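Coordinate analysis (summary)
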Amino acid sequence: MMDMKSIIKLGIVVVLLFGLQKCFTNDPRELNVEFIPEMVHSVAYDAFAENPNYPNGQTLQMPVKGTVARGFLPEYSDGELTEELAGNMLKSPIENSDKHIARGEWVYRNYCQVCHGMTGLGDGPVTKRGVPPPPSLLLDKVKNMKDGQLYFIISNGKGNMASYRSQVQREDRWKVIQYLRTMGN
Ligand code: HEC
């Protein structure tokens, strides 16, 4: 026969086991028992939680118009700037050096030469395959263009020439301009 003490002990074990089983439910819709949940749920609204304080009911709001992400300077678009304005406004942030000219030459050969040709005469390989040839880059017209104007053309394209802002980084655009200045000399 079990004595009273053993029955109580057994009772405690059985209750604990049932309690433990309650903690681990397989039903995905049911919360498991949370132990000391004070720090699990933040008082503040979570980023993706619904939020009655905003008109669109979301916690995460869109950035204010005109916001500039850190490290990402906006590009001037066609509408904001003209070639002429760009020529007067934009100055190269990069000093002239042989190293930068060499980098500019690399950029030119990879991105510009197909149309403008190795020497800038406008006789690149694609012009022999039906693409209308661009004007020579050695003309006075181009030589007289200010750096900012060239930067604008490379960034926004011109006529049949597409914008190169997504392929050629800002600094490389200024460097290819340094290289253009050496062409034909
Ligand atoms: C797909 C062919 C093509 C490529 C690639 C190309 N261009 Fe052009 N580029 C043109 C054409 C065509 C024009 C003439 C646009 C117009 O005036 O209608 C032009 C015009 C220019 C002008 C102005 C010339 C002028 O007389 O007004 C410059 C400067 C220039 N390109 C530089 C570059 C540079 C630098 C690159 C490389 C980053 C480049 N281009 C890549 C086709 C190209």
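To keep things clear, this report deals only with the structure shown in the data block. (Residues numbered from 1 in each chain as written. Predicted model: local features only at pLDDT ≥ 70, side-chain atom pairs only at ≥ 80, totals over all residues. Heavy atoms only, no water.)

Some thoughts on the site of the ligand
Not every one of the 19 residues close to the ligand is listed here, only the nearest: C112, C115, H116, M161 and Y164. For the ligand, a nitrogen atom lies 2.7 Å from a polar atom in the side chain of H116. Between an oxygen atom of the ligand and a side-chain N or O atom of K141, the distance comes to 2.9 Å. According to the grid-proximity analysis, the pocket containing the ligand is the largest pocket. For the shell around the ligand, the secondary structure elements donating two or more residues are α3 (98–116), α4 (140–143) and α5 (147–156). With 5 residues, the single largest contributor to the shell around the ligand is α3. (Near = heavy atom within 4 Å. Polar contact = N/O pair within 3.5 Å; in protein donor to acceptor, adjacent residues only side chain to side chain. 1 Å grid on protein atoms, 1.4 Å probe; cavity = no way out; pocket = protein on both sides within 12 Å on 5 of 7 lines; lining within 4 Å. Sits in = over half its atoms within 2 Å of the grid points. Helix = DSSP H or I, 4+ residues; strand = E, 2+ residues; numbered from the N terminus.)

As for the environment of H116
Within the secondary structure layout, H116 lies in helix α3. The class of H116 is buried, set by a relative accessible area of 12%. Expressed as a C-alpha distance, the spacing of H116 and V126, which sit 10 residues apart in the sequence, is 9.2 Å. (Buried < 20%, exposed > 50% of the residue type's maximum accessible area, 1.4 Å probe, protein only.)

With respect to the packing of α3 against helix α6 (residues 170–182)
The angle between the axes and the distance between the axes are what describe a pair of packed helices. With their axes 7 Å apart at the nearest point, α3 and α6 run at an angle of 95° to one another. With respect to α6, the element α3 is oriented roughly perpendicular. Contacts between α3 and α6 involve H100, I101, R103, G104, E105, V107, Y108 and C112 on the former and, on the latter, D172, K175, V176, Q178, Y179, L180 and T182. (Axes fitted to C-alpha atoms, helices over the stretch in contact; angles between N-to-C directions. Parallel < 35°, antiparallel > 145°, perpendicular 65-115°, else oblique. Contact = heavy atoms within 4.5 Å.)

Observations concerning the coordination of the iron atom of the ligand
Those protein atoms acting as donors to the iron atom of the ligand are H116 (NE2) and M161 (SD), and they sit at 2.0 to 2.1 Å. Considering all 6 donor atoms around the iron atom of the ligand, the spread of angles at the metal, 85 to 178°, places the coordination shape in the octahedral class. Placement of the pair is H116 in helix α3 and M161 in the loop between α5 and α6, with a sequence separation of 45 residues. (Donors = N, O, S within 2.8 Å, 3.2 Å for Na, K, Ca; no water. Tetrahedral: all angles 85-135°; square planar, octahedral: opposite > 155°, others 65-115°.)

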